[in-house]
Amino acid sequence: MSAPRTARARVRAELTREIADAARRQLAESGAAGLSLRAVARELGMASSAVYRYFANRDELLTALIASAYDGIGAAAEAADAAVARGDHLGRWRAVGEAVRDWAQARPHEYALVYGSPVPGYAAPDSTVGPASRVVLALGANFADAARGGRLAPLAVPVSEPSGPLAAELAALLAGVPGGAEGVGAAAPDVVRRCLAAWTQLFGTVSFELFGQYAMVGHREEYVRHTLELTGVLLGLRAE
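Residues numbered from 1 in each chain as written. Predicted model: local features only at pLDDT ≥ 70, side-chain atom pairs only at ≥ 80, totals over all residues. Heavy atoms only, no water.

1. Brief notes about the UniProt feature "DNA-binding region" (unreviewed entry) in the protein chain
Point 1. Summarizing the sequence annotation, UniProt attributes the feature "DNA-binding region" (unreviewed entry) to residues 36-55 in the numbering used throughout.
Point 2. The distance from the first to the last C-alpha atom of residues 36-55 is 11 Å, and the span holds 60% helix and 0% strand. (UniProt positions renumbered as here; feature names shortened; annotations may be inferred. Helix = DSSP H or I, 4+ residues; strand = E, 2+ residues; numbered from the N terminus.)

Here's what the structure looks like:
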């Protein structure tokens, strides 16, 4: 009796992948706002009612695509970080940054889905928080490791400390993220601030390049690598 159920599960998983792949192609053609379950069904030669057995509505399909994109970027970042010596904190930062850039360049429409303009009428559910946190947690582990090892350099110029509600918010922010309690969320506030600054700088740099904001720069790949190194050094990361 178990074999038929296993076969059905395999068929369901394969059809789910096909629907998601068709939806990604539609993202490239029409953007997230134009995503339609009926159009996906037409491309696959399926009845609309059949597609709705896999995804109840457009928002559920969008959520699956968003979680998949975040997981893809996160997996690339984690693999890049793991490939560098633990004590080479600047190298780890650069490797993660380059992996995120490469992923975005290879999958621009999926990157735009999660880091581009919000989709009108859609609000991502809490289930996307874990996948969305993977890159910042990888960065945070690097900063926390550097701090624990006494290898996080002081900032070249003193920076004023946040106060009031912002200070409390920053101190608690990543502690509530899955996995954060063991990593950057448990680190000193200074480490958390540096990590968040690195995170926003990274995705700002990648987004500027991908969305055509570096039109005045010809050698963009080299420029992005230079910016990553500059950011890492300014935030106190050092090579092994």
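2. Notes on the domain arrangement of the protein chain
Point 1. Domain annotation of the protein chain identifies domain 1 (1-56) and domain 2 (66-235).
Point 2. Its C-alpha centre places domain 1 at a distance of 32 Å from the equivalent point of domain 2.
Point 3. Facing five residues of domain 1, the contacting portion of domain 2 comprises six residues.
Point 4. The three residues of domain 1 that bury the most area against domain 2 are Arg-24, Leu-27 and Ala-32, which together make up 71% of that side's buried surface.
Point 5. Where domain 1 packs against domain 2, one counts one salt bridge.
Point 6. Taken together, domain 1 and domain 2 are joined by two residue pairs in polar contact (both at pLDDT 80 or more).
Point 7. Of the residues in the side of domain 1 that touches domain 2, the class split is four nonpolar, no polar and one charged. (Domains from an automatic or database assignment. Contact = heavy atoms within 4.5 Å. Buried area = accessible area lost by both parts, 1.4 Å probe. Salt bridge = Lys/Arg side-chain N within 4 Å of Asp/Glu carboxyl O. Polar contact = N/O pair within 3.5 Å; in protein donor to acceptor, adjacent residues only side chain to side chain. Nonpolar A, V, L, I, M, F, W, Y, C, P; charged D, E, K, R; others polar.)

3. Digging into helix H6 (residues 108-115)
Point 1. Buried within H6 we find Glu-110, Tyr-111, Leu-113 and Val-114. Seen from one end, H6 has its buried residues packed into an arc of 155 degrees, which puts them on one side. (Buried < 20%, exposed > 50% of the residue type's maximum accessible area, 1.4 Å probe, protein only. Arc of directions from axis to C-beta.)

4. Side note on helix H2 (residues 37-44)
Point 1. When H2 is considered as a whole, its buried residues turn out to be Leu-37, Ala-39, Val-40 and Ala-41.
Point 2. Among the residues of H2, the N-terminal cap falls to Ser-36, whose side-chain oxygen and the backbone nitrogen of Arg-38 are separated by 3.2 Å.

5. Here's the deal with the packing of aromatic side chains
Point 1. In this structure the tally under the stated criterion is seven aromatic pairs.
Point 2. Centroid distance Tyr-70 to Tyr-115: 5.8 Å. Interplanar angle 90 degrees. Geometry classified as edge-to-face. Linking Tyr-70 in helix H4 (residues 58-82) with Tyr-115 in helix H6, this pair joins segments that are 45 residues apart in sequence.
Point 3. For Tyr-70, a relative accessible area of 14% translates into the label buried.
Point 4. Ring plane angle 75 degrees and centroid distance 5.2 Å describe the contact between Tyr-214 and Tyr-223, whose orientation is recorded as edge-to-face.
Point 5. Judged by relative accessible area, Tyr-214 falls into the buried class, the value being 11%.
Point 6. Within the aromatic cluster, the residues linked to one another by ring pairs are Tyr-70, Tyr-111, Tyr-115, Phe-203 and Phe-211. (Phe/Tyr/Trp six-rings, centres within 6.5 Å; stacked < 30°, edge-to-face > 60°.)

6. Examining the environment of Ile-19
Point 1. Here Ile-19 lies in helix H1 (residues 2-30).
Point 2. Residue class for Ile-19 comes out buried when judged on its relative accessible area of 0%.
Point 3. C-alpha separation for the pair Ile-19 and Ala-41, spaced 22 residues apart in sequence, amounts to 7.8 Å.
Point 4. Not counting residues within four places of it along the chain, the set of residues in contact with Ile-19 comprises Val-40, Leu-44, Val-51, Tyr-54, Phe-55 and Leu-61.

7. Some remarks on the pattern of salt bridges
Point 1. Scanning the entire structure with this criterion turns up 17 salt bridges.
Point 2. A salt bridge links Arg-92 to Asp-145; the shortest N-O distance between them is 3.1 Å. Taken together, the residues Arg-92 in helix H5 (residues 89-106) and Asp-145 in helix H8 (residues 134-148) connect sequence positions 53 residues apart.
Point 3. Between Glu-221 and Arg-225 there is a salt bridge, with its nearest N and O atoms 2.8 Å apart. Taken together, the residues span about one helical turn, with Glu-221 and Arg-225 both in helix H11 (residues 220-234) at a distance of four residues.
Point 4. Judged by its relative accessible area of 38%, Glu-221 falls in the partly exposed class.
Point 5. Among the ionic contacts, a cluster of salt bridges with common partners joins Asp-81, Arg-86, Arg-92, Asp-145 and Arg-148.

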